[in-house]
Amino acid sequence: MDWLIFLCGLALLVFGAGLLVRFASTIGRRLGISQLVIGLTIVAFGTSAPELAVSIQGALDNQSDVALGNVVGSNIFNVLFILGIAALITPLAVARKLIRQEIPWLVAVSALVFVMALDGRIGTLDGIILVVLMSTYTLVQLRQSRAEPETANDDDVIHSRSWRTGILFLCAGVLGGLTLLVFGADLLVTAAIGIARKLGISEVTIGLTVIAAGTSLPEVATSVVAALRGERDIAVGNVIGSNLFNLMAVAGIAAIVSPGGLQVAPSLLAFDMPVMVVVAVACIPILFSGGRIDRWEGALFFLYYVAYTVYLILYTQQHDMLDSFKFAMIWVVIPLTLLTATTIYLRSQKSSVP
């Protein structure tokens, strides 16, 4: 029965993502909002609704491991798995604005959340700071988009005088897509948790894997559908925007509503949160290199997520190879990747100089 519910939830996610991308991008174009900002705000916030619901519920139930593990695991999943899969489907062109502003912002916020967690707790004041940052970020995005509207060269803008006649239909489409996404994610996560608990997996690991992947499936479906439709700015912007929303809004609100703030598990602080920061930092040289994510880079992201999942499995089982694998990941694989990405970036910059 759990597997049947899982498949039903997955079907709702895919269909809901199609509706969301189609209607949200249409509304944004008609309002003069760029596709990138649509992906960073409307689509990203909508697809992060499951993470928000799960983390708030976990915080209210005093299950900080689930609430915070969901945020950390989702951010790692979004970059490594979603961008990896989307880039394998089609190379993703990265907008200059994303490189110049959003990637550095993601790195800074990731580091900030990690620093906040160093004392073993993300407190209420920390949560308020994160929510204020989220509000400021959203306002800046909308103001910048309105200040630099897209060129009026498509049928939606040509018929802008009559666009209001269909605004209710378009809004209904967005709400319908979001509803299907949230409902589908709820079904999928409920079934996945049932399956995982039967296998004896801990709450921290459930939050980092099953719940993180399950609540991130709206992002998977949305970015994949956007990539297939050629909406590459939405595909990339959705991932970056969702990660920012997870760190500032989801973690922030969960810390506010949780009695005494969110407790940070030692395992999260020792490994998973540093990995989250490194993943954000790794985007800088790779996205700067040629302003695109090529298929081989997507494959690299995907393989790293497989390696991260292997680590979590070894950790859950307390396998004898755990320490050796962890040492190799932290001191060999991750530094080698950063060095390789930096070298590629420097070479691309050198070759571009006349």
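Everything numeric here is computed off the predicted structure, so don't read it as measured data.

### Re the overall build of the protein
And step 1. Each helix and strand in the protein was counted, giving 13 helices and 4 strands.
And step 2. In the protein, once contacts between residues fewer than 6 apart in sequence are set aside, the share between residues at least 24 apart is 85%.

### A few points about the packing of helix α4 (residues 64-89) against helix α12 (residues 295-317)
And step 1. Interaxial distance between α4 and α12 falls to 7 Å at its minimum, and their mutual angle equals 145°. Seen along the crossing, α4 lies across α12 with a hand that is left-handed. Residues I76, F77, V79, L80, F81, L83, G84, I85, A87, L88 and I89 of α4 form the contact with α12, whose own contacting residues are R295, G298, A299, F301, F302, Y304, Y305 and Y308.

### Overview of the environment of T222
And step 1. Within the secondary structure layout, T222 lies in helix α9 (residues 203-228).
And step 2. Distance from T222 to T47, taken between C-alpha atoms, is 7.8 Å for residues 175 residues apart in sequence.

### Some words on helix α3 (residues 49-60)
And step 1. Here α3 spans 16 Å end to end across 12 residues, near enough to the 16 Å set by a 1.5 Å rise per residue.
And step 2. What α3 keeps buried is the set P50, E51, S55, G58 and A59. Burial along α3 is one-sided: seen end-on, the buried residues are contained in an arc of 155°.
And step 3. Once α3 ends, the next one or two residues include N62, with phi positive near 60°.

### Description of the environment of V43
And step 1. Here V43 lies in helix α2 (residues 35-47).
And step 2. Taking the C-alpha atoms as reference, V43 lies 9.7 Å from S223; in sequence the two are 180 residues apart.
And step 3. Not counting residues within four places of it along the chain, the set of residues in contact with V43 comprises L20, A24, I38, T222, I234 and N238.

### Concerning helix α5 (residues 96-117)
And step 1. Compared with the 32 Å implied by 1.5 Å per residue over 22 residues, the 32 Å span of α5 between its first and last C-alpha is a close match.
And step 2. The largest bend in α5 is about 30°, located at E102, with the proline P104 one to four residues further on.

### Here we look at the packing of aromatic side chains
And step 1. Applying the stated rule across the entire model yields 8 aromatic pairs.
And step 2. The interplanar angle of 45° and the centroid separation of 6.2 Å between the aromatic rings of Y305 and Y308 together place this pair among those described as tilted. Taken together, the positions of Y305 and Y308, both in helix α12 and 3 residues apart, correspond to about one turn of that helix. The burial state of Y305 is the same as that of Y308; both residues are buried.
And step 3. Taken together, the ring pairs connect F77, F81, F271, F302, Y305, Y308 and Y311 into an aromatic cluster.

### Quick look at the side chain of S74
And step 1. Residue position: S74 is located in helix α4.
And step 2. From its side chain, S74 meets the backbone oxygen of A212 in a polar contact 3.4 Å long.
And step 3. Setting aside its immediate chain neighbours within four residues, S74 contacts E51, G69, A212, T215, S216, N243 and N246.

### Description of the environment of M1
And step 1. Position of M1 relative to the elements: it lies in the segment before α1 (2-30).
And step 2. Note on M1: relative accessible area 73%, which makes it exposed.
And step 3. In the structure, M1 is positioned 190 residues away from A191 in sequence and 8.3 Å away in space, judged by C-alpha atoms.

### Brief notes about the side chain of S258
And step 1. Topologically, S258 is positioned in the loop between α10 (232-257) and β3 (262-263).
And step 2. Of the residues examined, S258 reaches a relative accessible area of 2% and is grouped as buried.
And step 3. For S258, the contacting residues outside a window of four places in its chain are A59 and S64.

### Let's talk about the packing of α3 against α4
And step 1. With their axes 6 Å apart at the nearest point, α3 and α4 run at an angle of 155° to one another. Between α3 and α4, the crossing angle belongs to the class labelled roughly antiparallel. Our pair here, α3 against α4, has a crossing hand that is left-handed. When α3 is examined against α4, the residues E51, V54, S55, G58 and A59 are found in contact with a partner set consisting of S64, V66, A67, N70, V71 and S74.
And step 2. Here the residues of the contact of α3 with α4 sort into 5 nonpolar, 5 polar and 1 charged.

### Section: the confidence of the model for the protein
And step 1. Here the protein averages 78 in pLDDT, while 84% of its residues score no lower than 70.
And step 2. Averaged pLDDT values for the elements of the protein fall to 42 in helix α7 (residues 155-158) and rise to 93 in strand β2 (residues 121-122).

### What to know about a nonpolar patch on the surface
And step 1. Nonpolar side chains collect at one region of the surface, where L60, L125, I128, I129, V132, I256 and V257 lie side by side and expose about 580 Å² of accessible area between them.
And step 2. Listing elements by their share of the nonpolar patch, those giving two or more residues are α6 (124-147) and α10.
And step 3. No other element matches the 4 residues that α6 contributes to the nonpolar patch.

How each quantity is defined
Residues numbered from 1 in each chain as written. Predicted model: local features only at pLDDT ≥ 70, side-chain atom pairs only at ≥ 80, totals over all residues. Heavy atoms only, no water. Helix = DSSP H or I, 4+ residues; strand = E, 2+ residues; numbered from the N terminus. Contact = heavy atoms within 4.5 Å. Axes fitted to C-alpha atoms, helices over the stretch in contact; angles between N-to-C directions. Left-handed = near helix turned anticlockwise from the far one by under 90°. Expected span 1.5 Å × (residues − 1). Buried < 20%, exposed > 50% of the residue type's maximum accessible area, 1.4 Å probe, protein only. Arc of directions from axis to C-beta. Bend = angle between axes of the 7 residues up to and from the residue. Phe/Tyr/Trp six-rings, centres within 6.5 Å; stacked < 30°, edge-to-face > 60°. Polar contact = N/O pair within 3.5 Å; in protein donor to acceptor, adjacent residues only side chain to side chain. Parallel < 35°, antiparallel > 145°, perpendicular 65-115°, else oblique. Nonpolar A, V, L, I, M, F, W, Y, C, P; charged D, E, K, R; others polar. pLDDT = per-residue confidence, 0-100. Patch = residues over 30% accessible without salt bridge, like charges linked within 9 Å, V, L, I, M, F, W, Y side chains within 5 Å. Areas by Shrake-Rupley, 256 points an atom, 1.4 Å probe, with all protein chains shown as cover. Salt bridge = Lys/Arg side-chain N within 4 Å of Asp/Glu carboxyl O.

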